[in-house]
Amino acid sequence: MTATSIVSRVASALAPSAVLKRLGAFDAVPNAVARTAGAMYLARVTAAREPAPVAPSPADIIHTIGAAQLLRYRQHPEATHITGKAPILLSPSLVNRLYVLDLKAGISVVEQLLKAGHPVYAIDWGNPGEAERGVGFEGITARLENFLEEACVDANVEKMTVLGHCLGGTVAVALAATNDEHLQSLVLLTTPLAFHDNGLLSAWSRAPFIDPKDITRLVGHVPAWLTQPAFQILKPLGQTTKMLRLWQSLGNPTFLEFFRCLETWINDNVAIPDAFFEDLITKLYQGNALVDGTLLFGDGPVVIEQITVPTLSIAASEDHIVPFASAVDPAQRFASPINRQVVMDGGHIGVVVGSAARRKLWPLLLDWLAEQETAPTPT
Amino acid sequence: MAKQTKQARRGADVPLSEELLDRGIDLLEGPLNRVLERVLKSRVVLLPIGFSVMVTTKALGFVLHGPHRKERR
């Protein structure tokens, strides 16, 4: 090594840009500034109680039964020229709010369907009140049947596709097995059908001594403050890792906005109707009645082998609430001539609002509806 | 040489602190989470939890006379 090269190395190491780089001026400092800005943004919106921009698609209430409402979304401005598209009714979970399917502009199943010109109806099961006392699984299925009829009348069609999300799909399966008069096709999104799986939720629901009637006798409708911690502990370290991921992404405004919307939804659970909760734990989780054929309605048993409408079942490979086998395996027993099962990458919520939704779920739904468009018959 | 290149690439893309944090989160989300799930699913945990839930809800229900429900619909 010559003296000249040593001098040049020292000189380049002492150059202002090199010194600044070593001090972190080009990465650590901007990162820290961005994270501070992100933390201040979250603190400001929290202090101001600024609502997250969730559920952006405007809708009108066209029918109510107790606390439950049937909504008709308004046409998307970009789709006013499109006519004749197959309508769809969304049947969301009874534990969470409907707007996970319409989380925020750009991340919304509803928005995609409206943009493609499909008339979209949805059920908001609402927060159960006096009218929901004693309404069990069969009663909720009857409400879905009633809402489907109303939506068909409103859309001037005989039949309509129903998209059931999570437990809303389980109810839709019961309807398809007992009365498919107004069902064009069935889309099941992370829908539990077999309840004896290896998940934590199933293990706890089947724990020794657990009798849901003890709980409903005490609290009536099972409130969100009781179910929310139970859902959170299904991923025991989930809250810790969520906070660490948030810390990592504090400098990313797009992520922060998404995080706010998702957290708003996650923490906005509704109570579960008392008798529905009893049926869910006793008949479905403990008795596995839907797949065993022992679920009895007033008119007889609910037999999933009697489902003949075209069916598309979508499950998530990393789902910790509804393991994918619980969603897709029983669906193979349907008698439907068109009966597809798709397992997508992601978790229970990720397949609806994550990047997989944009890449796979939305095109899959739109293609499915396009296939059904030959069938709707005007009344 | 290959090792140096890999280290250099990693260093250029992600700061070491971020990478350590990433690996820590992966560890929490993966193996540690699975271990805790197994513990929470075991009968050693489920039996006492189930028993205490039953005793508590029955006792409170008896004392407080919880909401009465209408006929099932």
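Structural data are supplied above this passage.
As a starting point, this report considers the structure included with it. (Residues numbered from 1 in each chain as written. Chains lettered and ligands numbered in written order. Predicted model: local features only at pLDDT ≥ 70, side-chain atom pairs only at ≥ 80, totals over all residues.)

## With respect to the overall build of chain B
For step 1, the next point in the chain: Broken down by element type, chain B carries three helices and zero strands.
For step 2, the next point in the chain: Each helix and strand of chain B, placed in order from N terminus to C terminus, yields the pattern α-α-α.
For step 3, the next point in the chain: The buried share of chain B, taken over its 73 residues, is 3%. (Helix = DSSP H or I, 4+ residues; strand = E, 2+ residues; numbered from the N terminus. Buried ≥ 20, exposed ≤ 12 C-beta atoms within 10 Å, placed from the backbone.)

## Focus: the pairing of strand β8 (residues 183-189) of chain A
Residue and element names in this part refer to chain A.
For step 1, the next point in the chain: Most of β8 is tucked away, with seven of its seven residues classed as buried.
For step 2, the next point in the chain: Sheet analysis places strand β7 (residues 160-165) next to β8, joined by five bridges and oriented parallel. Within the sheet, the bridge partner assigned to Met-160 lies in β8 and is Leu-183.
For step 3, the next point in the chain: Tracing the backbone out of β7, into helix α6 (residues 167-178) and back to the parallel element β8 gives a crossover that is right-handed.
For step 4, the next point in the chain: As judged from the four bridges shared by β8 and strand β11 (residues 311-316), these two strands associate in the parallel manner. Across the sheet, residue Val-187 finds its bridge partner in β11, namely Leu-312. (Pairing = 2+ DSSP bridges. Right-handed = clockwise from strand over helix to strand, strands pointing away.)

## Things to note about the packing of helix α8 (residues 212-219) of chain A against helix α3 (residues 43-64) of chain B
For step 1, the next point in the chain: Two elements in contact, α8 of chain A and α3 of chain B, have axes whose closest approach is 9 Å; the angle formed by their N-to-C orientations is 35°. Here the hand of the crossing between α8 of chain A and α3 of chain B comes out left-handed. Residues Asp-214, Ile-215, Arg-217 and Leu-218 of chain A of α8 of chain A form the contact with α3 of chain B, whose own contacting residues are Met-54, Thr-57, Lys-58, Leu-60, Gly-61 and Leu-64 of chain B.
For step 2, the next point in the chain: A class-by-class count of the residues in the contact of α8 of chain A with α3 of chain B yields five nonpolar, two polar and three charged. (Axes fitted to C-alpha atoms, helices over the stretch in contact; angles between N-to-C directions. Left-handed = near helix turned anticlockwise from the far one by under 90°. Contact = placed C-beta atoms within 7 Å. Nonpolar A, V, L, I, M, F, W, Y, C, P; charged D, E, K, R; others polar.)

## Focus on unusual backbone geometry
Residues and elements named next belong to chain A.
For step 1, the next point in the chain: Notably, Arg-49 is not glycine yet its phi reads approximately 50°, a positive angle.
For step 2, the next point in the chain: Among the structural elements, Arg-49 can be located in the loop between α3 (28-47) and β1 (59-65).
For step 3, the next point in the chain: Phi at Thr-190 is positive, roughly 40°, even though this residue is not glycine.
For step 4, the next point in the chain: Examined against the element boundaries, Thr-190 turns out to sit in the loop between β8 and α7 (200-205).

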